[in-house]
Amino acid sequence: MICTMSAAAVAVWLGTVVTILSRSHADRNVYPSAGVLFVHVLEREYFKGEFPPYPKSGDPSNDPITFNTNLKGYPDRPGWLRYIQRTPHSDGVLYGSPTAEHIGKPTVIEITAYNRRTFETARHNLVINIKAAEEFPLPYQAEFYIKNMNVEEMLASEVLGDFLGAVKNVWQPERLNAINITSALDRGGRVPLPINNLKEGVYVMVGADVPFSSCLREVESPHNQLRCSQEMEPVISCDKKFRAQFHIDWCKISLVDINKVVPVYVTRPEPGTGILPEFGEYKPPSESLKSRDYFSDFLVTLAVPSAVALVLFFILGYTMCCRREGVIQLVHHSSIQKSTKELRSMSKNREISWPLSTLPVFNPVSGEVVPPIHPDNYETTSMPLMQTQANLQNQITIPQQRPSGKWYS
């Protein structure tokens, strides 16, 4: 029984040690050159062994795995390094073009793999040791825009090799290197529609040590420039060497000879006292700060305006109540108010003659007094001064005599 338990404990211990050792890989070192495209593929198969297998034997191990890459000790990657992974079932790719200022400075990239099925993680370190190129930078640089490629497709070694081979056939340089690759989306391009198998497009910059060939210079001819301005494809003699695999937009090609580029020096303004120097550390103030007296600030902010307002109040009161001009103005104002009140009281008590239409009407036949048509609370502005007998209520027709002596009603 003791032997069985000890064997089981040893097996568990060995399994734990193997798991720990499998997850503690040594740092991987890569040695890219400055000014040359650097591509590193994060293979999912490399990380699958660090996650537990499927519970059922025989099931295909196709766990969804995503990667997170960052500079060690920082939340993001260096500015020259990019990362792309389309789906959790595809490999990730680190790519970029290191510059001369990074030569001799090891860059440690932390790579964290996430298993989206088991929610476990595994972490590796990638040490990038940038070395100087034999000739940096290459003096003649051309940037091509390829319309039928995505960036991860172009980063594949065989596809990039085919493109460099086509460029070498039309350029014939002694040295030709891929300098940088950029997705068209990073240049302000739009996401393509999911129809007709459209691609986002990619910019590829290459450098060579010999001047541009006549084929590449054809795009600068006036005829081709006119066609480009009219959104028509230019006529390039060497386009057929690319057309089988790469659809190049020749209107967007860029040819740069860095030997003829005039450097532009921008004068920077002198930094103020609140700007730290370029190389230095921030030193916070000491904890023993001197106390500050704010009593003088209080006097200037509150006491002085209050005193000025008080003086102005006394001057105004003296002018209005104690000076002869002020007393006359007050008496004049009081007399105007008194006269106004008196006129208003007289207007309320005045009697006016009522219009005849508002008086009772006497009926000579019946001897009755017909009340007025309008009530007492009438509006004199809209009431007629006299009303016709046809408008009277309970009207009785009075017989009248004609000139011939006969009566009619």
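Our subject in this report is the structure included herewith. (Residues numbered from 1 in each chain as written. Predicted model: local features only at pLDDT ≥ 70, side-chain atom pairs only at ≥ 80, totals over all residues. Heavy atoms only, no water.)

Before going further, it helps to spend a moment on the overall build of the protein chain. Across its full length, the protein chain holds nine helices and 15 strands. Counting all 409 residues of the protein chain, 29% fall into the buried class. Within the protein chain, residue pairs in contact and separated by at least 24 positions form 65% of the contacts whose partners lie at least 6 positions apart. Entry remark: accessible area of the protein chain is about 29300 Å², with carbon and sulfur atoms responsible for 58%. (Helix = DSSP H or I, 4+ residues; strand = E, 2+ residues; numbered from the N terminus. Buried < 20%, exposed > 50% of the residue type's maximum accessible area, 1.4 Å probe, protein only. Contact = heavy atoms within 4.5 Å. Areas by Shrake-Rupley, 256 points an atom, 1.4 Å probe, with all protein chains shown as cover.)

Attention now moves to the pairing of strand β8 (residues 140–146). Among the seven residues in β8, seven count as buried, and that is most of the element. The sheet contact formed by β8 and strand β10 (residues 202–208) spans seven bridges and is antiparallel. Counted as the bridge partner of tyrosine 145 is tyrosine 203 from β10. By the bridge criterion, four bridges tie β8 to strand β11 (residues 254–257) in an arrangement that is antiparallel. (Pairing = 2+ DSSP bridges.)

This part takes up the nonpolar core. Judged by nonpolar contacts, the single largest core of 40 residues is most densely connected at Phe144, Met154, Phe163, Trp171, Val206 and Trp250. Counting residues per element, the ones that place at least two in this core are β5 (92–96), β8, α3 (151–154), α4 (157–171), β9 (176–183), β10 and α5 (214–217). Here phenylalanine 144 is in contact with Phe163, Val167, Val202, Tyr203, Val204, Val206, Leu216, Ile248, Trp250 and Ile253, once residues within four sequence places are set aside. Counting 19 residues, the second-largest nonpolar core is a separate cluster that includes Val30, Ile65, Trp80 and Ala113. (Core = buried A, V, L, I, M, F, W, Y, C linked by side-chain atoms within 4.5 Å.)

Before going further, it helps to examine the pattern of salt bridges. Evaluated as defined, the whole model comprises nine salt bridges. Between arginine 117 and aspartate 63 there is a salt bridge, with its nearest N and O atoms 2.7 Å apart. With arginine 117 in the loop between β6 (107–115) and β7 (121–128) and aspartate 63 in the loop between α2 (44–48) and β3 (65–71), the pair connects residues that are 54 residues apart, well separated along the chain. On the basis of relative accessibility, which here comes to 4%, the residue aspartate 63 falls in the buried class. (Salt bridge = Lys/Arg side-chain N within 4 Å of Asp/Glu carboxyl O.)

Now for the state of the cysteines. The full count for this structure, using the stated rule, is two disulfides. Here cysteine 215 pairs with cysteine 238 through a disulfide, and the sulfurs are 1.5 Å apart. The disulfide joining cysteine 215 to cysteine 238 has a torsion of about -65° about its S-S bond and is therefore left-handed. In this pair, cysteine 215 sits in helix α5 while cysteine 238 sits in the loop between α6 (222–229) and α7 (240–243), placing the two residues 23 residues apart along the sequence. (Disulfide = S-S within 2.5 Å.)

With that out of the way, let us pick up the sheet that holds β10. Within a sheet, each strand pairs with its neighbour through backbone hydrogen bonds, oriented either parallel or antiparallel. Across the sheet, which stays open at both edges, the four strands sit in the order β9-β10-β8-β11 with antiparallel pairing between neighbours. On the outer flanks of this sheet lie β9 and β11, each paired with one strand and no other. Averaged over all pairs of adjacent strands, the angle between strand axes in this sheet comes to 20°, irrespective of strand direction. Relative to β10, β9 runs antiparallel, the two being bridged by seven bridges. (Axes fitted to C-alpha atoms, helices over the stretch in contact; angles between N-to-C directions.)

The next point concerns unusual backbone geometry. Of note in this structure, phenylalanine 119 is not a glycine but carries a positive phi near 60°. Structurally, phenylalanine 119 is set in the loop between β6 and β7. Note on phenylalanine 119: relative accessible area 70%, which makes it exposed.

Taken together, four strands build an open sheet; the order of strands is β1-β7-β6-β3 and the sheet is mixed. Of all strands in the sheet, those bounded by a partner on one side alone are β1 (28–30) and β3. Averaged over all pairs of adjacent strands, the angle between their axes in this sheet comes to 25°, without regard to strand direction.

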